[in-house]
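Observations on the three-dimensional arrangement
Listed here are the chains, written in short residue letters.
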Amino acid sequence: MADTGAHDEVDRIVAAWHRERPDLDIRPLEVLSRVSRLARHLDLARRGAFSRHDLETWEFDVLSALRRAGAPYRLSPGALLTLTLVTSGTMTNRIDRLESKGLVERQPSPDDRRGVLVQLTDAGRARVDAAFADLLDTERTLLGDLPEPDRTALVDLLRQVLSPFDTPH
């Protein structure tokens, strides 16, 4: 990519390392330090978007997993574990807390007398929908005026870097 003339903190870090350790290939820093810094900014922006809807990040994760499941917006606790990458004890605690807020409810599984399903309530659906719309506005702002072709290229490049981590081994 051509030099746009813009410089950031990573450029200063890279220049300092290049000066101090010219024997090392520091090019990975140019990409991954920016990804790391962007992740921190994104995390703060997401927390802000969720807090405007009285949600913690983990609450949004669970509610959005249920919302993405489609009507009737319910999943087994096991499916929620898989989608949110937490332990069963953590998930039980999260479901309890969301249930106490009226955002989800437990229902008996129609397929297993001993099983339960976690279902999004109308209040939970309204909350996650509003938080998601706010999140998209926030993320759109973070991308600024990045032209669509550059966004598409960035998506493709990030997918190439990330896909080995998302592929089951």
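The present account deals with the structure reproduced in this document. As the structure is a prediction and not an experimental result, all values here were calculated from the model.

Description of helix H3 (residues 57–68)
Under the 1.5 Å per step criterion, the end-to-end length of H3 is 16 Å for twelve residues, consistent within 8% with the ideal 16 Å. Buried within H3 are the following residues: Trp58, Glu59, Phe60, Val62, Leu63, Ser64, Ala65 and Leu66. Downstream of H3 by one or two residues, Gly70 has phi in the positive range, about 80°.

Focus: a nonpolar patch on the surface
Taken together, the side chains of Val31, Leu32, Val35, Leu143, Leu146, Leu154 and Leu158 define a hydrophobic patch exposed on the protein surface, amounting to about 550 Å² of accessible area. Listing elements by their share of the nonpolar patch, those giving two or more residues are helix H2 (27–51) and helix H7 (148–166). At three residues, H2 tops the list of elements feeding residues into the nonpolar patch. The exposure class assigned to Leu158 is partly exposed, which follows from its relative accessible area of 42%.

Examining the packing of aromatic side chains
For the structure shown, the criterion picks out one aromatic pair. Centroid distance Phe50 to Phe60: 4.2 Å. Interplanar angle 20°. Geometry classified as stacked. Here Phe50 is found in helix H2, whereas its partner Phe60 is found in helix H3, with ten residues between them in sequence. Here Phe50 and Phe60 have matching classes, each one buried.

Considerations on the nonpolar core
The biggest cluster of nonpolar side chains holds 22 residues, and the ones touching the most others in it are Leu63, Leu66, Leu80 and Val104. Contributing elements (two or more residues each) for this core: H2, H3, helix H5 (88–100), strand E3 (116–120) and helix H6 (122–143). The element contributing the most residues to this core is H3, with six residues. With residues up to four places along the chain from it excluded, the contact list for Leu63 reads Leu55, Leu98, Leu103, Val104, Leu120, Gly124 and Val128.

Side note on the sheet that holds strand E1 (residues 74–75)
The sheet built from three strands is open, its strands ordered E1-E3-E2 with antiparallel pairing. Only two strands of the sheet have a single partner each, and these edge strands are E1 and strand E2 (104–108). Where E2 lies against E3, five bridges are found, and the strand directions are antiparallel. When the sheet's bridge partners are listed, Arg106 is paired in E3 with Val118. Along the sheet, H3 contacts E1, E2 and E3; its crossing angle with E3, the most-contacted strand, is approximately 95°. Sitting on the sheet, H5 touches E2 and E3, and the angle it makes with E2 is about 115°.

Some details on the pattern of salt bridges
Throughout the structure, instances matching the rule amount to 16 salt bridges. Between Asp43 and Arg47 there is a salt bridge whose closest N-O contact spans 2.8 Å. You can see Asp43 and its partner Arg47 sitting in helix H2, four residues apart, about one turn around the helix. Asp43 sits in the partly exposed class, given a relative accessible area of 32%. Bridged by salt links that share partners, the residues Asp8, Asp11 and Arg34 form one connected network.

Remarks on the environment of Gln107
Inspection of the secondary structure assignment puts Gln107 in strand E2. For Gln107 and Thr92, which are 15 residues apart along the polypeptide, the C-alpha to C-alpha distance reads 14 Å. In this structure Gln107 touches Arg74, Gly115, Val116, Leu117 and Gln119, once residues within four positions along its chain are discounted. A polar contact is formed between the side chain of Gln107 and the side chain of Glu105, at a distance of 3.1 Å.

What counts and how
Residues numbered from 1 in each chain as written. Predicted model: local features only at pLDDT ≥ 70, side-chain atom pairs only at ≥ 80, totals over all residues. Heavy atoms only, no water. Helix = DSSP H or I, 4+ residues; strand = E, 2+ residues; numbered from the N terminus. Expected span 1.5 Å × (residues − 1). Buried < 20%, exposed > 50% of the residue type's maximum accessible area, 1.4 Å probe, protein only. Patch = residues over 30% accessible without salt bridge, like charges linked within 9 Å, V, L, I, M, F, W, Y side chains within 5 Å. Areas by Shrake-Rupley, 256 points an atom, 1.4 Å probe, with all protein chains shown as cover. Salt bridge = Lys/Arg side-chain N within 4 Å of Asp/Glu carboxyl O. Phe/Tyr/Trp six-rings, centres within 6.5 Å; stacked < 30°, edge-to-face > 60°. Core = buried A, V, L, I, M, F, W, Y, C linked by side-chain atoms within 4.5 Å. Contact = heavy atoms within 4.5 Å. Pairing = 2+ DSSP bridges. Axes fitted to C-alpha atoms, helices over the stretch in contact; angles between N-to-C directions. Polar contact = N/O pair within 3.5 Å; in protein donor to acceptor, adjacent residues only side chain to side chain.

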